[in-house]
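Chain and residue survey
So the chains spell out like this:
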Amino acid sequence: MIITDSLSMPRREVGYEETWIFHFKNRFREFDIIDRPARGATSMRLVQEGGGGLDLLELYSPDRVILELGMAECAPRLFKKNGFEHKFINKYLPEKIRNDYIKAIRERRGRKPEFTDVSPEQFRSNIYNFAERCKALNVKLVIMKIMRAPDIFLMKSPYVQQNIDLYNSIYDEAAAAFENITLLSPISGNLDINTLCVDEVHVTAEGQKLYFKAVEDYFKKNK
């Protein structure tokens, strides 16, 4: 089973045949691959989808799960998702005033690292919950760590790499706590992240190949 956010999905700059999932399906045709991507996905899917996350694990009981999530939830936001300010401006302010207010907040306050769609504490709880359930079913969990932020993202959100490091450290903690977890870092070392991205959070066809290679290398060693 493959559970990902939009990074693995096709877009205008990257066709489906260029995605790492397509390469994976083409390379390992002997596998029954359950592909469950979703744009803007967070780890909340793991504990909610299908009722308690059953649609992403128990109802299929896969041998392995490949997980690529984290950027959508760790990225700093302008407002707390369920905070009073966010609710107020969306419910009560006319569109013109709302847009002006958001523009002013973007210029004066910017995106705060503590304003995330999923808090670090909730993220840890979700990952540990899923890992424990995988362990109970003897499922191997392969987690792709969140990629580094390109310069275009850092310009818009200076604290994003700080949050990426924090959420990746939670993956590290989980891997140390659960022997059924393997971590992969598809884009690492001295690779220039700026040349591998089409925008703040999505990779080019060349970047997709790096994700595929990381998974391919894992399965070559762990068939």
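In the block above lies the structure referred to throughout.
Described below are features of the structure shown in this document. Please read all numbers here as calculations on a predicted model, not as lab measurements.

1. Considering the overall build of the protein
Across its full length, the protein holds nine helices and five strands. Start at the N end of the protein and walk to the C end: the helices and strands fall as β-α-β-α-β-α-α-α-α-β-α-α-β-α. For 223 residues, the compact-globule estimate of 2.2 N^0.38 gives 17 Å, and the C-alpha radius of gyration of the protein, at 18 Å, lies within 12% of that figure. Seen through its principal axes, the protein has C-alpha atoms that stretch 55 × 35 × 30 Å.

2. Concerning the pattern of salt bridges
Scanning the entire structure with this criterion turns up 15 salt bridges. Here Arg 36 and Glu 49 are joined by a salt bridge, their closest N and O atoms 2.7 Å apart. Here Glu 49 lies in the loop between helix H2 (44-48) and strand S3 (64-68) and Arg 36 lies in strand S2 (residues 35-37), a separation of 13 residues in the sequence. Between Lys 209 and Glu 206 there is a salt bridge, and its shortest N-O distance comes to 3.2 Å. Within this pair, Lys 209 and its partner Glu 206 are both found in helix H9 (residues 205-221), separated by three residues, close to a single helical turn. The class of Lys 209 is partly exposed, set by a relative accessible area of 43%.

3. As for helix H1 (residues 20-27)
Listed in full, the buried residues belonging to H1 are Trp 20, Ile 21 and Phe 24. Considered in projection along H1, the buried side chains sweep an arc of 100 degrees and stay on one side of the axis. In this structure, the buried residues of H1 make contact with strand S1 (2-4), S2, S3, strand S4 (140-144) and H9.

4. Here we look at the side chain of Glu 68
Along the chain, Glu 68 turns up in strand S3. It turns out Glu 68 is buried and unbridged, and the closest side chain with the opposite charge, Arg 45, is 8.7 Å from it. Non-local contacts of Glu 68, meaning those with residues more than four positions away in its chain, are made with Ile 3, Thr 4, Asp 5, Leu 7, Ser 8, Met 144 and Tyr 211.

5. Regarding the sheet that holds S4
Sheet strands line up and pair through hydrogen bonds in the backbone, either parallel or antiparallel. Pairing within the open sheet is parallel, and its five strands lie in the order S2-S1-S3-S4-S5. Each edge of the sheet is formed by a strand with only one pairing partner; in this case those strands are S2 and strand S5 (181-184). Geometrically, the sheet is characterised by an average inter-axis angle of 15 degrees between neighbouring strands, direction not taken into account. Where S4 meets S5, four bridges bridge the pair, whose relative direction is parallel. Opposite Leu 141, over in S5, you have Ile 181 as the bridge partner. Most of the contacts of H1 go to S1, to which it runs at about 175 degrees, and overall it touches S1, S2, S3 and S4.

So, how was this worked out
Residues numbered from 1 in each chain as written. Predicted model: local features only at pLDDT ≥ 70, side-chain atom pairs only at ≥ 80, totals over all residues. Heavy atoms only, no water. Helix = DSSP H or I, 4+ residues; strand = E, 2+ residues; numbered from the N terminus. Rg over C-alpha atoms; globule rule 2.2 N^0.38 Å. Salt bridge = Lys/Arg side-chain N within 4 Å of Asp/Glu carboxyl O. Buried < 20%, exposed > 50% of the residue type's maximum accessible area, 1.4 Å probe, protein only. Arc of directions from axis to C-beta. Contact = heavy atoms within 4.5 Å. Lys, Arg positive; Asp, Glu negative; His and termini not counted. Pairing = 2+ DSSP bridges. Axes fitted to C-alpha atoms, helices over the stretch in contact; angles between N-to-C directions.

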